[in-house]
Amino acid sequence: HNTWIRLGDLRLPVWVICGLPQPMQPSSRMRALAEQIPSARYIELDNLGHFGPMQAPAQIAEIIASFPA
């Protein structure tokens, strides 16, 4: 599939939400991924890890609720 090379083709609002980036983990590549999407907003939550929605469900829900409709 051409998923990764076609990120620049996306034309919709995208939020890339990431916990604290960790070496050798997908989180370490999320800022670069967001930079490939023209309309992306990168949100780093350095107080959270890989399971951010389970660690801070209210914080994640607040972010989701603020997404423009």
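Our subject in this report is the structure included herewith. Quick caveat, the model's predicted, so the values are computed rather than measured. (Residues numbered from 1 in each chain as written. Predicted model: local features only at pLDDT ≥ 70, side-chain atom pairs only at ≥ 80, totals over all residues. Heavy atoms only, no water.)

### Examining the overall build of the chain
Within the chain one finds three helices and two strands. Helices and strands appear in the chain in the N-to-C order β-α-β-α-α. Seen along its three principal axes, the alpha-carbon backbone of the chain occupies a region of about 35 × 30 × 20 Å. Counting across all 69 residues of the chain, residues that qualify as buried make up 26%. For the chain, the share of sequence-separated contacts (at least 6 apart) that also reach a separation of at least 24 residues comes to 58%. Counting every atom, the chain has about 5,200 Å² of accessible surface; 60% of that belongs to carbon and sulfur. In the chain, 5 positive and 5 negative side-chain charges are present, and the distance between their average locations comes to 9 Å. (Helix = DSSP H or I, 4+ residues; strand = E, 2+ residues; numbered from the N terminus. Buried < 20%, exposed > 50% of the residue type's maximum accessible area, 1.4 Å probe, protein only. Contact = heavy atoms within 4.5 Å. Areas by Shrake-Rupley, 256 points an atom, 1.4 Å probe, with all protein chains shown as cover. Lys, Arg positive; Asp, Glu negative; His and termini not counted. Charge placed at Lys NZ, Arg CZ, Asp CG, Glu CD.)

### Notes on unusual backbone geometry
Note on backbone geometry: most residues besides glycine have negative phi, and most peptide bonds are trans. The backbone of M24 shows a phi angle near 65°, a positive value even though the residue is not glycine. Mapped onto the elements, M24 comes out in the loop between strand 1 (14-19) and helix 1 (30-35).

### Notes on the pairing of strand 2 (residues 40-45)
Note: strand 1 against strand 2, six bridges, orientation parallel. Bridging across to strand 2, V16 finds its partner in Y42. In this fold, strand 1 hands off to helix 1, which returns the chain to strand 2; that crossover is right-handed. (Pairing = 2+ DSSP bridges. Right-handed = clockwise from strand over helix to strand, strands pointing away.)

### Things to note about the packing of aromatic side chains
Given two aromatic rings, one states the distance between the centres and the angle between the planes to describe the pair. Under the counting rule described, the total for this entry stands at one aromatic pair. With 4.6 Å between their ring centres and 70° between their planes, W15 and F67 make a pair best called edge-to-face. Linking W15 in strand 1 with F67 in the segment after helix 3 (57-65), this pair joins segments that are 52 residues apart in sequence. Overall, the relative accessible area of 31% leaves F67 in the partly exposed class. In this arrangement the basic side chain of R41 is found over the ring face of W15, its NZ or CZ atom lying 5.0 Å from the centre. (Phe/Tyr/Trp six-rings, centres within 6.5 Å; stacked < 30°, edge-to-face > 60°. Lys NZ or Arg CZ within 6 Å of the ring centre and 35° of its normal.)

### Digging into the side chain of S27
Within the secondary structure, S27 is located in the loop between strand 1 and helix 1. Residue S27 is classed as buried on the basis of its relative accessible area, which comes to 17%. Setting aside residues up to four positions removed in sequence, S27 forms contacts with C18, L20, P21 and Q22.

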